[in-house]
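Below, each chain spelled out in residue letters.
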Amino acid sequence: MNDTMVTVVGNVATNVEYRETATGGMARFRFAVPSRRWDRQSGTWTDGPTSFYTVFAWRSLAANLAGSVSVGEPLVVHGRLKVREEDGDGRRRTFVDIDALAAGHDLTRGTAAFRRVARSDAVPAARREEPGAPQEPGTARQARKPVAVL
């Protein structure tokens with residue numbers, strides 16, 4: 001494949017929005033990646049401009065991100081870089097997205113405790129509807145409405 005694969009290190013800039021789609025769960029959030037460089041004259045690191053990306057994740061990665069990530073937390077995101085252009089309001093705008101294949105907390109800046117989830121628990125319990133809600137025929141999953149994660 002000729003996809004451009006990237007690995008970026010930064011901070012979660014917005015709440016993770018999680019919703020169910022026909023093909024499984026989808027999560028989206030904005031990701032801030034600051035640039036830093038070593039200033040030889042002052043002998044210190046200096047901050048440069050921050051790049052912002054919209055990160056999209058699908059299926060189990062989406063559900064796990066929704067249950068594990070909050071605004072401000074440091075992450076490492078690996079995935080396909082996508083650049084798209086849209087016309088609107090008489091201007092052409094460029095958006096840079098990452099279709100995430102893997103993501104995790106940046107352990108150079110803190111600690112984390114990993115928990116495996118069973119397949120039936122792929123959608124975090126906080127995102128499920130009330131017990132007793134109607135279930136989809138032929139599955140053990142509960143019917144869900146799109147939910148924005150706070």
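Just so we're clear, the structure is a prediction, and the values are computed from it rather than from any experiment.

1. Some words on the overall build of the protein chain
Per the secondary structure count, the protein chain includes 1 helix and 7 strands. For the protein chain, the sequential pattern of α-helices and β-strands runs β-β-β-β-α-β-β-β. Of all 150 residues assigned to the protein chain, the portion counted as buried reaches 28%.

2. A closer look at the confidence of the model for the protein chain
Overall, the prediction assigns the protein chain a mean pLDDT of 83, with 78% of residues at 70 or greater. Confidence, read as mean pLDDT per element, is least for strand β7 (residues 147-148) in the protein chain (46) and greatest for strand β1 (residues 5-12) (96). Under a pLDDT of 50 for its full length, residues 125-150 has, in the predicted model, 40 contacts with residues more than four places off or in other chains.

3. A few points about the side chain of Asp97
Considering the arrangement of structural elements, one finds Asp97 in strand β6 (residues 91-105). A relative accessible area of 5% places Asp97 in the buried class. Side chain to side chain, Asp97 and Arg84 meet in a polar contact 2.6 Å long. Not counting the four nearest positions on each side in its chain, Asp97 is found in contact with Thr54, Phe56, Arg80, Leu81, Lys82 and Arg84.

4. Describing the nonpolar core
In this structure, Phe29, Phe31, Val55, Leu75, Val77 and Ile98 are the most contacted members of the largest nonpolar core, which totals 22 residues. Those residues in contact with Phe29, other than ones at most four positions away along the chain, are Val12, Thr14, Asn15, Val16, Tyr53, Thr54, Val55, Leu65 and Leu75.

5. Considerations on the environment of Gly24
By the element assignment, Gly24 lies in strand β3 (residues 24-39). Residue classification places Gly24 among the buried positions, given a relative accessible area of 13%. Considering only alpha carbons, one finds Gly24 and Trp58, 34 residues apart in sequence, at a separation of 7.0 Å.

6. Here we look at the packing of aromatic side chains
Tallied over the entire structure, the rule returns 2 aromatic pairs. Aromatic pair Phe29 and Phe31: ring centres 6.2 Å apart, planes at 85 degrees, arrangement edge-to-face. Of the two residues, Phe29 and Phe31, both sit in the buried class. With a centroid separation of 5.5 Å and 75 degrees between ring planes, the pair formed by Trp38 and Trp45 is classed as edge-to-face.

7. Here's the deal with the pattern of salt bridges
Inspection of the entire model under this criterion finds 8 salt bridges. Of the charged contacts in the structure, one is a salt bridge between Asp3 and Arg80, with a shortest N-O distance of 2.8 Å. Of the two residues, Asp3 is situated in the segment before β1 and Arg80 in strand β5 (residues 74-88); the sequence distance between them amounts to 77 residues. Given the relative accessible area of 32%, Asp3 is considered partly exposed. On the accessibility criterion, Arg80 (24% relative accessible area) is partly exposed.

8. Some thoughts on unusual backbone geometry
The phi angle at Arg59 is positive, at roughly 55 degrees, despite the residue not being glycine. Relative to the helices and strands, Arg59 resides in helix α1 (residues 59-68). Of note, Asp89 is a non-glycine position whose phi angle comes to about 55 degrees, a positive value. Within the fold, Asp89 resides in the loop between β5 and β6. Owing to a relative accessible area of 81%, Asp89 belongs among the exposed residues under this scheme.

Reading guide: rules and limits
- Residues numbered from 1 in each chain as written.
- Predicted model: local features only at pLDDT ≥ 70, side-chain atom pairs only at ≥ 80, totals over all residues.
- Heavy atoms only, no water.
- Helix = DSSP H or I, 4+ residues; strand = E, 2+ residues; numbered from the N terminus.
- Buried < 20%, exposed > 50% of the residue type's maximum accessible area, 1.4 Å probe, protein only.
- pLDDT = per-residue confidence, 0-100.
- Contact = heavy atoms within 4.5 Å.
- Polar contact = N/O pair within 3.5 Å; in protein donor to acceptor, adjacent residues only side chain to side chain.
- Core = buried A, V, L, I, M, F, W, Y, C linked by side-chain atoms within 4.5 Å.
- Phe/Tyr/Trp six-rings, centres within 6.5 Å; stacked < 30°, edge-to-face > 60°.
- Salt bridge = Lys/Arg side-chain N within 4 Å of Asp/Glu carboxyl O.

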